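One-letter residues, chain by chain:
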Amino acid sequence: MDIQPYDLPCETWLGVMGRLMLAWDGQWFLKVMEEFGLEAAMRLNTRVRLSFGRIEMRSVLAALGKSRADDLTDALRIILTYSRVFLGNRMEGDYRVLPEGVEITVSSCPVLENARRANLERCDQACVGCPDLWRTWFAVLLPEEEIEVAALARMGMGDPSCRYLVTEKRGGA
């Protein structure tokens, strides 16, 4: 008897893999916290997340057949593309082009929602490394550019949404 695997649509697999990636990350964090405490887990989680952030963007660039993003708008498009795989449609947000840069607003974050469900003494661990994660992604996508990311608001710190202002440092500025 020849046993064949189930055939599932690509969208189903993407949804399953995105949830599994978040679950893996969450379980890793919880086990490190149990072993070493919340503060150590937050520090280690940030280090691991930034390291993985570099891998994520290099992998997406390779999948797109690109060595780097074309510009800031293209970098955001690449990040949005990746986020759809990693977070599915569970992350809700908006990108707004402003004269000074791009404002990113996140109104629903599954990483923060999972942290809240874990019932820890603090749920802001989901937000601690986020500004640096955005910086890491841009550093990989636009290695020759100086991209600045300012955290204007973060849900894990009590704000109604996360807001980041992304600006490109111009030559001579």
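Predicted model only: the values in this text are computed from it and were never measured. In this numbering scheme, every chain counts its residues from 1 along its sequence in written order. With pLDDT at 70 or above as the cut-off, local features in this predicted model cover only qualifying residues; side-chain atom pairs require 80 or more to be listed or tallied, and sums for whole chains, interfaces and linings still use all residues. With hydrogens and water excluded, all non-hydrogen atoms of the structure serve as input to the side-chain values.

(A) Expanded view of the overall build of the protein chain. Helix numbering and strand numbering both begin at the N terminus, where a helix is a DSSP run of H or I of at least 4 residues and a strand a DSSP run of E of at least 2. Looking only at helices and strands, one finds six helices and four strands in the protein chain. When the helices and strands of the protein chain are read in sequence order from the N terminus, they spell out α-α-α-β-β-α-α-α-β-β. Along the first, second and third principal axes, the C-alpha set of the protein chain runs to 70 × 45 × 25 Å. Counting across all 173 residues of the protein chain, residues that qualify as buried make up 40%. We call two residues in contact when some of their heavy atoms are within 4.5 Å. Restricting the contact set of the protein chain to residue pairs at least 6 apart, pairs at least 24 apart contribute 55%. Computed with a 1.4 Å probe, the accessible areas rest on the Shrake-Rupley method; for each residue, only the protein chains presented here act as cover. Here the protein chain displays about 10600 Å² of accessible surface, and carbon together with sulfur accounts for 55% of that area. Side chains of the protein chain give 21 positive and 25 negative charges; the mean places of these two sets differ by 2 Å. Type-normalised accessible area, obtained with a 1.4 Å probe on protein chains alone, sets the label of each residue: buried when under 20%, exposed when over 50%, and partly exposed for intermediate values. Counted as positive: Lys and Arg. Counted as negative: Asp and Glu. His and the chain ends are not counted at all. Throughout, a charge is located at the NZ atom of Lys, the CZ atom of Arg, the CG atom of Asp or the CD atom of Glu.

These values are about where atoms sit, not about what they do.
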